[in-house]
Amino acid sequence: MFNMNLYNLPIIQINTSFMFKKLGLQYRIILSLLTLLLFSFVLIGMISFYDFRNQNRQYHEDRLARKESTVVKTIDYEIRSRQGYIQSHNVAQEFGEYIYTLAEINNLDINFYNLNGSLILSSNTLLFLGAGLPEQIGKDQLIEIKKGNQKLSDEIIVDGVEYLSSYHLIELPGGSPLMILNIPYKDLKQKYQRDIQAYLFNLAKIYVVLFALGIGLAILLSKYITEPLKDLASKLKEVQINGQNQKIEWRVRDEIGLLIDEYNSLIEELGESAERLAKSEREYAWREMARQVAHEIKNPLTPMKLHVQFMEKTFDPTSPNWKSRMKEFTETLVDQIDTLSYIAEAFSDFAAMPKLMKEHLDLKQLAKNTVSFYENNGVTLKSNVDEVYVFADKNQLQRVLNNLIKNAIQAIPDDRTPEICIDLTVEEELYKIKVEDNGIGIKSDIASHIFEPRFTTKNSGMGLGLVMVKNIVHAHDGKIYFNSEVDRGTEFIVEIPIS
């Protein structure tokens with residue numbers, strides 16, 4: 001025989017709490033409501049089942065009592081009509097034929113027992129021969145019947161057939177006992193099962209309809225709760241410090257409404273804070289700009305002042321080399337003035353960041369036109385697409401390409417043949433513009449300062465070119481970064497979203 005020790009079997013535990021938490025809020029709400037609904041159905045069904053069972057038994061007992069009352073009254077009438085003729089010893093003779101008529105009229109099986117509990121007459125002998133109904137009443141039960149206490153009893157006979165038997169003591173008009181009337185209520189279990197099956201079937205149909213309505217209600221309720229939360233989450237993702245953030249409208253004054261009110265209040269505060277921050281940044285930027293302009297202008301002004309002062313002290317029209325000295329003096333002043341003009345133009349370009357004038361343009365064609373001006377400097381263009389249409393400011397993107405190409409050209413030492421490649425590619429939702437050179441590269445100790453104002457590695461220049469490039473790229477919702485290897489070259493990458 002195959003034996004198994006149940007205590008040695010591994011126990012598998014399923015963390016239903018963890019699985020429940022992994023579900024989304026909408027599914028948790030639906031699952032919770034349906035679980036509550038099923039629990040209610042089971043509880044109501046159990047209560048209804050037990051209540052129906054009790055009511056069903058009471059119904060059959062009341063029905064048997066009514067039939068018994070009718071039969072007893074009929075027998076009493078028959079005894080009065082034949083008063084003096086019917087005695088306990090001749091019941092079988094007097095009621096031999098009448099018991100069949102009585103059973104047929106009332107559609108019942110009727111049995112008569114004598115006062116000793118023995119069967120004397122029956123309308124259906126098969127109850128005793130086939131079904132096994134007892135022909136002798138038990139002593140204890142007989143005592144109770146004679147006292148008038150025993151009315152109903154459950155009897156289970158052969159093959160599990162259940163009877164609800166009613167016993168009644170029949171008396172003569174003078175009050176002396178005559179016989180015991182027995183009415184077996186057959187097949188009580190089958191009738192009960194038939195009734196309960198019909199009841200449960202009808203209850204199941206109601207439950208199916210209610211469960212379907214419950215599912216619909218759970219879905220609507222979960223959407224009512226989660227939709228504003230999803231909307232709130234999407235709005236939170238779109239929140240920008242310097243952007244135009246939208247508020248959410250919710251007219252119901254409930255818990256979700258309170259949450260949305262808090263979000264709207266935070267949006268207002270964020271807008272005010274962003275405005276104050278932008279104002280502070282503008283003021284700081286202009287202060288820095290003024291300081292830088294003053295510094296850059298002061299550099300050429302100092303030698304100009306010294307030169308003028310020297311010229312004033314040594315001025316002598318009678319000197320034989322006066323004209324040559326005057327020419328040298330004017331040329332020096334012109335050079336310094338040109339330097340001031342260059343400084344002014346550089347800061348003007350940096351400050352001239354007008355509002356974006358976006359249009360649909362072919363980025364590849366723009367790059368091709370730009371590269372054509374630098375073909376003699378070893379600049380080439382390659383792309384993996386035929387047309388690259390973007391919605392952008394043509395002039396500002398032109399400034400970006402020009403600046404990056406010029407920087408690449410200037411990064412190549414004189415003893416090296418320029419190899420500058422503009423690579424235009426499409427990756428996922430981005431257009432990438434790569435400007436690669438074979439220059440001296442960028443050292444690691446200065447890499448973090450490349451996009452800072454006033455920082456430059458050249459002998460001339462204001463250090464504003466890459467700052468301007470970065471601002472333009474960010475204005476197009478893009479980003480710029482670089483990869484560099486010392487003495488091998490640098491690669492600047494500009495990413496612009498397709499949308």
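Residues numbered from 1 in each chain as written. Predicted model: local features only at pLDDT ≥ 70, side-chain atom pairs only at ≥ 80, totals over all residues. Heavy atoms only, no water.

Some thoughts on the overall build of the protein chain
Here comes step 1: The helix and strand inventory of the protein chain stands at 12 helices and 12 strands.
Here comes step 2: Counting over 499 residues, the protein chain shows a buried share of 34%.
Here comes step 3: If you take every contact in the protein chain between residues at least 6 apart in sequence, the share linking residues at least 24 apart comes to 62%. (Helix = DSSP H or I, 4+ residues; strand = E, 2+ residues; numbered from the N terminus. Buried < 20%, exposed > 50% of the residue type's maximum accessible area, 1.4 Å probe, protein only. Contact = heavy atoms within 4.5 Å.)

Considering the nonpolar core
Here comes step 1: Counting residues in hydrophobic clusters, the biggest one holds 36 residues, and the most contacted among them are Leu363, Leu404, Ile480 and Phe492.
Here comes step 2: Not counting chain neighbours up to four residues away, the residues in contact with leucine 363 comprise Val388, Val390, Leu397, Leu424, Tyr431 and Ile433.
Here comes step 3: Grouped together as the second largest cluster of nonpolar side chains are 24 residues, Val72, Ile75, Leu172 and Ile183 included. (Core = buried A, V, L, I, M, F, W, Y, C linked by side-chain atoms within 4.5 Å.)

Topic: the environment of asparagine 403
Here comes step 1: Structurally, asparagine 403 is set in helix H11 (residues 394-410).
Here comes step 2: Put simply, asparagine 403 and methionine 468 are 65 residues apart on the chain and 9.1 Å apart in space, counted from C-alpha to C-alpha.

Comments concerning a nonpolar patch on the surface
Here comes step 1: On the surface, a nonpolar cluster with roughly 420 Å² of combined accessible area is contributed by Leu36, Phe39, Leu43 and Ile47.
Here comes step 2: The topology assignment puts isoleucine 47 in helix H2 (residues 25-81).
Here comes step 3: The exposed category is assigned to isoleucine 47, whose relative accessible area is 53%. (Patch = residues over 30% accessible without salt bridge, like charges linked within 9 Å, V, L, I, M, F, W, Y side chains within 5 Å. Areas by Shrake-Rupley, 256 points an atom, 1.4 Å probe, with all protein chains shown as cover. Salt bridge = Lys/Arg side-chain N within 4 Å of Asp/Glu carboxyl O.)

Remarks on unusual backbone geometry
Here comes step 1: Of note in the backbone geometry, aspartate 477 takes a positive phi value of approximately 60 degrees without being a glycine.
Here comes step 2: In this structure, aspartate 477 sits in the loop between helix H12 (465-475) and strand S11 (479-485).
Here comes step 3: Of note in the backbone geometry, aspartate 487 takes a positive phi value of approximately 65 degrees without being a glycine.
Here comes step 4: Looking at the element boundaries, aspartate 487 is found in the loop between S11 and strand S12 (489-497).

Describing the sheet that holds strand S9 (residues 420-427)
Here comes step 1: Across the sheet, which stays open at both edges, the 5 strands sit in the order S7-S9-S10-S12-S11 with mixed pairing between neighbours. Unpaired on one side and paired on the other, strand S7 (379-383) and S11 mark the two borders of the sheet. Pairwise comparison of adjacent strand axes, ignoring direction, gives a mean angle of 15 degrees for this sheet.
Here comes step 2: The strands that helix H10 (residues 363-372) touches are S7, S9 and strand S10 (430-436); relative to S7, the one it contacts most, it runs at about 165 degrees. (Pairing = 2+ DSSP bridges. Axes fitted to C-alpha atoms, helices over the stretch in contact; angles between N-to-C directions.)

Observations concerning the packing of H10 against H11
Here comes step 1: Close contact between H10 and H11 brings their axes to 10 Å; oriented N to C, the two are set at 45 degrees. With respect to H11, the axis of H10 lies oblique. Crossing of H10 against H11: the hand is right-handed. Residue-level contacts link Leu363, Leu366, Ala367 and Thr370 of H10 to Lys394, Leu397, Gln398, Leu401, Asn402 and Ile405 of H11.
Here comes step 2: Class assignment of the residues belonging to the contact of H10 with H11 gives a composition of 6 nonpolar, 3 polar and 1 charged. (Parallel < 35°, antiparallel > 145°, perpendicular 65-115°, else oblique. Left-handed = near helix turned anticlockwise from the far one by under 90°. Nonpolar A, V, L, I, M, F, W, Y, C, P; charged D, E, K, R; others polar.)

Focus on H11
Here comes step 1: Relative to the 24 Å expected for 17 residues at 1.5 Å per residue, H11 spans 24 Å between its end C-alpha atoms, a close match to the ideal helical length.
Here comes step 2: Of the residues making up H11, those classed as buried are Gln396, Leu397, Val400, Leu401, Asn403, Leu404, Ile405, Asn407 and Ala408.
Here comes step 3: Capping of H11 at its N-terminal end is provided by aspartate 393; its side-chain oxygen lies 3.1 Å from the backbone amide nitrogen of asparagine 395. (Expected span 1.5 Å × (residues − 1). Polar contact = N/O pair within 3.5 Å; in protein donor to acceptor, adjacent residues only side chain to side chain.)

Quick word on the confidence of the model for the protein chain
Here comes step 1: With 74% of its residues at a pLDDT of 70 or more, the protein chain has an overall mean of 76.
Here comes step 2: Per-element mean pLDDT across the protein chain ranges from 55 in helix H1 (residues 16-22) up to 91 in S12. (pLDDT = per-residue confidence, 0-100.)

Focus on the pairing of strand S5 (residues 177-185)
Consecutive residues of a regular strand have side chains that alternate between opposite faces of the sheet.
Here comes step 1: The buried fraction of S5 is high, at 8 of 9 residues.
Here comes step 2: As paired strands, strand S1 (residues 111-113) and S5 are joined by 3 bridges and run antiparallel to one another. Bridge pairing links asparagine 111 to asparagine 182 in S5.

Focus on the side chain of serine 166
Here comes step 1: If you trace the backbone, serine 166 turns up in strand S4 (residues 162-171).
Here comes step 2: A distance of 2.5 Å separates the side chain of serine 166 from the side chain of glutamate 68, its partner in a polar contact.

Quick word on the pattern of salt bridges
Here comes step 1: What the rule picks out here adds up to 5 salt bridges.
Here comes step 2: Between lysine 432 and glutamate 427 there is a salt bridge, with its nearest N and O atoms 3.0 Å apart.
Here comes step 3: Judged by its relative accessible area of 13%, lysine 432 falls in the buried class.
Here comes step 4: Between lysine 432 and glutamate 495 there is a salt bridge, with the nearest N and O atoms lying 3.4 Å from each other. With lysine 432 in strand S10 and glutamate 495 in strand S12, this pair connects stretches of sequence that are 63 residues apart.
Here comes step 5: Where salt bridges share partners, they join Glu427, Lys432, Lys479 and Glu495 into one cluster.

Describing the packing of aromatic side chains
Here comes step 1: Per the stated rule, a full pass over the model turns up 3 aromatic pairs.
Here comes step 2: Seen in terms of ring centroids, phenylalanine 95 and phenylalanine 112 are 5.5 Å apart; in terms of plane orientation they differ by 75 degrees. Their pairing is edge-to-face. Placement of phenylalanine 95 in the loop between helix H3 (91-94) and helix H4 (98-106) and of phenylalanine 112 in strand S1 is noted, with a sequence separation of 17 residues between them.
Here comes step 3: Classification of phenylalanine 95 as buried rests on a relative accessible area of 0%.
Here comes step 4: Given the relative accessible area of 0%, phenylalanine 112 is considered buried. (Phe/Tyr/Trp six-rings, centres within 6.5 Å; stacked < 30°, edge-to-face > 60°.)

Notes on the environment of proline 497
Here comes step 1: Inspection of the secondary structure assignment puts proline 497 in strand S12.
Here comes step 2: You can call proline 497 partly exposed: its relative accessible area is 24%.
Here comes step 3: In sequence terms proline 497 and glutamate 427 are 70 residues apart; their C-alpha atoms lie 9.9 Å from each other.
Here comes step 4: When sequence neighbours within four positions are dropped, the list of residues in contact with proline 497 reads Glu429, Leu430, His476, Asp477 and Gly478.

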